[in-house]
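Here is how the chains run, residue by residue.
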Amino acid sequence: MSDFLLHDEPVKQVYLDANATTPVLPCIADVVSHTMQICFGNPSSPHITGIQAKHLLEQTRQKARTVIGASNGDILFTSGATEGIQTAVVSTLINAKKYPVKNPVLLYGATEHKAVPNTLKHWNSVLDINAEVLAIPVDSNGILDLDFIAEHINNALMICTMAVNNETGVYQDLPAIEQVIRSRNKNVSWMVDCVQALGKQALALSDTTIDYAPFSGHKLYAPKGIGFLYIRSDSAYTPFIAGGGQESGMRSGTENLPGIAGLNKLFSLLLDKSDSTFKSVDVLNSYRSQLQSAIVDTFGNITFNHDFAYSVPTTLNFAVNDLTSKEVIDLFDAAGIRVSGGSACSTGASTSFVLDAMGASKWQSENAIRLSFGPAATQQDIDNACGRIRALRTILQANCLIVSDSTTPQQEVCALGLTQFRHQGACSWLYVSDDKHAVIIDPIIELIPRFEKIANTQDLTISAVLNTHLHQERESATNLLTSVLASRVVKGEVDSLGWPVGAANISLANDALEKVATPGHSKDSVSYLLKNSSGETRYCFCGDLILPAGLGNTSLMGGDAKAMARSILVISEQLNNISIICSGHDYQQCFAMNWAVQQSQTPLLNALVSGSISVDEFVIEKQQYDASKQVNNTQLCGYVNALPEVDTLQLNFDDAKIMLNTSDVYLIDTREPYEHGANNVAQLFNILDEKTLNIPLSRMANAVFEGQLNKNNKYILLCRSGNRSKIAASNLMQLGYKAVYNLNGGLALSN
Ligand code: PLP
């Protein structure tokens, strides 16, 4: 496989992320390629090749005018919308220096693409304008607050609004905004970001008083790196790029002629009434309805994050009420359906600032899924997309992600044994015995729907819902969980941590759970030990006493380093080298640590347990350590050591395929079962199903303890991108598995 030519997966992808970018249409790619090879001239050259290039350039400019209804004003070709935005802002602010305004403000819509406020703030500071940069609030539909504009527009040097929002598709009432602006301030510079409007809304810019309108090619089937900017006649202008004087000196640099040729073809398609590439609003509306039904039928409990009445039809933004956006996106991705969480440009942000501005709930904002298609989508594309989405329903049911409405639900994925659930750095644990009795330890409020579904679909009896110490929000999570699962929870009086009053242990098939007081992180801290019939500890649920490669914090209220030392010594008596440590936090993503590895990774713990330091020495060191870490630490509940880098053995797809032909080599898919169920990795690697195991990170501790893995075998670990499996590979190596390989680049780079 060449380095840059990535092949599509065997199951062709369904691309529903058009607001992030679009593929170049084949007919556009053809003209781009033709321009690179045949009509490749420099428009500034005086010879015939140059003249032909210049003709193409000017013809494209004319077509742009027609498409956006700009019979006058300037059209400049740029590298994309971000450059257009810079040009508009810099032109405005340089001009504003000549006409000082008292208490100047720069206004922008609160839901604007980050390119806008960040550009305003940057040049406001660089050019020493010192204006106040103010976000115009929006209502719950995402519509700009016109009263706010009216209040501030007289002091404004510039106002930036957008035609169509990239996360929600919500469009603004531009005539109403214009009325408010121009009735109060005839000269203020007004930029309208039209990136997401092109091809989806009719535009007539010369009929408006909009000063600047940036556009971007890659959002509408043209290549990346080409865009254009409309500038109204007589609006302020300063070249943002100076040089050889191209574009009449307004934007220097040899023009991106292949990109411009791409726009040319795009404009021809948009203007040709007989061409059916771009669909009418009615057709796009019907596509949206079909996708909406597919989503609702598949996931059931959906909240749409915007009102379709105020949105262009090509964007659907929603949250699945009980599933995180990560779960939904991972599932979609595994099934070859590409969608985005909120805005692709701000991936990594935990909430969507657009939905926050609209007053959406935290859940909606954190778990927003954006599904967007381009206006050239065909009915067949939509049929494929809907079919692929609907096929997910069986996987969701089989994985307890939705409660089955069938009387005989499939239960391929079984929660027997130990499962770790994570929310941010915190962990909850579920242990289910062979006779389907379960304990849930340290439940986290966000995970309640998952526990509820698992318990209901797997018909579990909940023996106890336990906490390892009282954290405020955990108490309410326990109460909520106990009430939603009331009919499944074993009745009886329990103490403040959920332990049945007077019980010596909780029996779980052949095993028994015992409670041990382990103060230190807090006064009320306890640990729960799951012991087999021979009294050996299999799992130690120790809350924040011991964290993977670290110890709990003792400097919080109720913390006591001496008590912690004693607790560690008490508990160490009950552990053996292969007991699995199940902590309340996992800041470093070590899904599974056994007691032997825990000691080797935590020097202070090791020194205490081995007797090389006394309890008093431990106390001094621990207090110093906690005090030194207290400043600026987000890991409040405990401090962990950096894990030593384990050099994982990396394999590419072809080498992995060859290795898998050997008898003792197995493939471990570390993705969650619902992702594993969505595509067939055995088929991809051309191996028997028996050669693949699905062990997600959440079930790795269980697999290690239950002997699902054999230290004499070789394992190749894979996930979507190679990141999750790399962590798993390095953890398995720490646990003493020698031949563990990671599939570099994961499924994304497998052909
Ligand atoms: N404005 C909006 C509304 C966008 O959606 C984007 C791209 O995501 C941009 C501006 C930036 O466009 P470009 O990628 O062409 O710089």
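Nothing here was measured: the structure is a model prediction, and the numbers come from that model. Position numbers for residues start from 1 in each chain and track the written sequence from start to end. Since the coordinates come from a predicted model, pLDDT governs what is reported: local features require at least 70, and pairs of side-chain atoms require 80 or more to be given and counted, while whole-chain, interface and lining totals use all residues. Side-chain descriptors were evaluated using all non-hydrogen atoms of the structure, hydrogens and water having been removed beforehand.

Participant: I tried to follow the site of the ligand on my own but got confused; where do I start?
Facilitator: Any residue with a heavy atom lying within 4 Å of a molecule or strand is counted as near it. The environment of the ligand is made up of 13 residues, and the closest members are Thr82, Asp193, Gln196, Ser216 and Lys219. Between an oxygen atom of the ligand and a side-chain N or O atom of Ser216, the distance comes to 2.6 Å. In the model, an oxygen atom of the ligand is placed 2.5 Å from a nitrogen or oxygen of the Lys219 side chain. Residue exposure ignores everything except the shown protein chains as possible cover, and the areas themselves are Shrake-Rupley values with a 1.4 Å probe. With the chains in place, 89% of the 400 Å² that the ligand exposes on its own is no longer accessible. When the residues that make up the shell around the ligand are grouped by side-chain class, the tally is four nonpolar, seven polar and two charged. We define a polar contact as two N or O atoms separated by no more than 3.5 Å, with the added condition that, inside protein, one atom must be a possible hydrogen donor and the other a possible acceptor, whereas residues neighbouring each other in sequence contribute only through side-chain atom pairs. Classification used: nonpolar for Ala, Val, Leu, Ile, Met, Phe, Trp, Tyr, Cys and Pro, charged for Asp, Glu, Lys and Arg, polar for all others including Gly.

Participant: What should I look at first to understand the packing of helix 8 (residues 281-299) against helix 12 (residues 379-398) in this one?
Facilitator: Describing two packed helices takes the angle between their axes plus the distance from one axis to the other. Axes here refer to lines fitted to C-alpha atoms; in helices the fit is confined to the stretch in contact. Angles between the N-to-C directions go from 0 to 180 degrees. Helix and strand definitions here come from DSSP, where helices need a minimum of 4 consecutive H or I residues and strands a minimum of 2 consecutive E residues; each element is numbered from the N-terminal end. Between helix 8 and helix 12, whose axes approach to 8 Å, the crossing angle comes to 5 degrees. Comparing their axes, helix 12 and helix 8 come out roughly parallel. Counted together, Tyr287, Gln290, Leu291, Ser293, Ala294, Ile295, Asp297, Thr298 and Phe299 of helix 8 and Gln379, Ile382, Asp383, Ala385, Cys386, Ile389, Arg390, Leu392, Arg393 and Leu396 of helix 12 form the full contact between these two elements. Partitioned by chemical class, the residues of the contact of helix 8 with helix 12 number 11 nonpolar, four polar and four charged. Throughout, the term roughly parallel applies to angles under 35 degrees, roughly antiparallel to angles over 145, roughly perpendicular to angles from 65 to 115, and oblique to all others. Here, residues are in contact when the closest pair of their heavy atoms is within 4.5 Å.

Participant: In this structure, what is going on with the pairing of strand 3 (residues 105-109)? I would like to understand it.
Facilitator: Side chains on a regular strand alternate between the two faces of the sheet. For every residue, the accessible area obtained with a 1.4 Å probe (protein chains only) is divided by the maximum for its type, and the residue is called buried under 20%, exposed over 50%, and partly exposed between those limits. Within strand 3, five of the five residues are buried, leaving the element largely enclosed by the surrounding structure. Side-chain alternation along strand 3 places Val105, Leu107 and Gly109 on one buried face and Leu106 and Tyr108 on a second face that is also buried. Only strands that DSSP links by at least two bridges are regarded as paired with each other. As paired elements, strand 3 and strand 4 (residues 132-136) share five bridges and run parallel to each other. If you follow Val105 over to strand 4, its bridge partner there is Glu132. As paired elements, strand 3 and strand 5 (residues 156-162) share four bridges and run parallel to each other. Bridge assignment links Leu107 to a residue of strand 5, and that residue is Ile159.

Participant: Please explain the packing of aromatic side chains as it appears in this structure.
Facilitator: Remark: the centre distance and the inter-plane angle together describe each pair of aromatic rings, the angle taken between the planes. Put simply, two rings from Phe, Tyr or Trp (the six-membered ring, in Trp's case) pair if the centres are within 6.5 Å, and we call them stacked under 30 degrees between planes, edge-to-face over 60, tilted for the rest. If you walk through the whole model with that rule in mind, you get 16 aromatic pairs. Ring geometry for Trp123 against Phe240: centres 5.9 Å apart, planes inclined by 90 degrees, an arrangement best described as edge-to-face. Highlighted residues: Trp123 in helix 4 (residues 115-126) and Phe240 in the loop between strand 8 (227-231) and helix 7 (257-271), separated in sequence by 117 residues. When its relative accessible area of 29% is taken as the criterion, Phe240 is described as partly exposed. Relative to Tyr715, the ring of Tyr666 has its centre 6.2 Å away and its plane inclined at 40 degrees; by these criteria the two rings are tilted. Taken together, the residues span a long stretch of sequence, with Tyr666 in strand 27 (residues 665-669) and Tyr715 in strand 29 (residues 714-718) at a distance of 49 residues. When the NZ atom of lysine or the CZ atom of arginine is within 6 Å of a ring's centre and also within 35 degrees of its normal, the charge is said to sit over that ring. Between the NZ or CZ atom of Lys114 and the centre of the ring of Phe353, over which it lies, the distance is 3.9 Å. For the cation-ring pair, Lys711 lies above Tyr737, with the distance from its terminal atom to the ring centre recorded as 5.2 Å.

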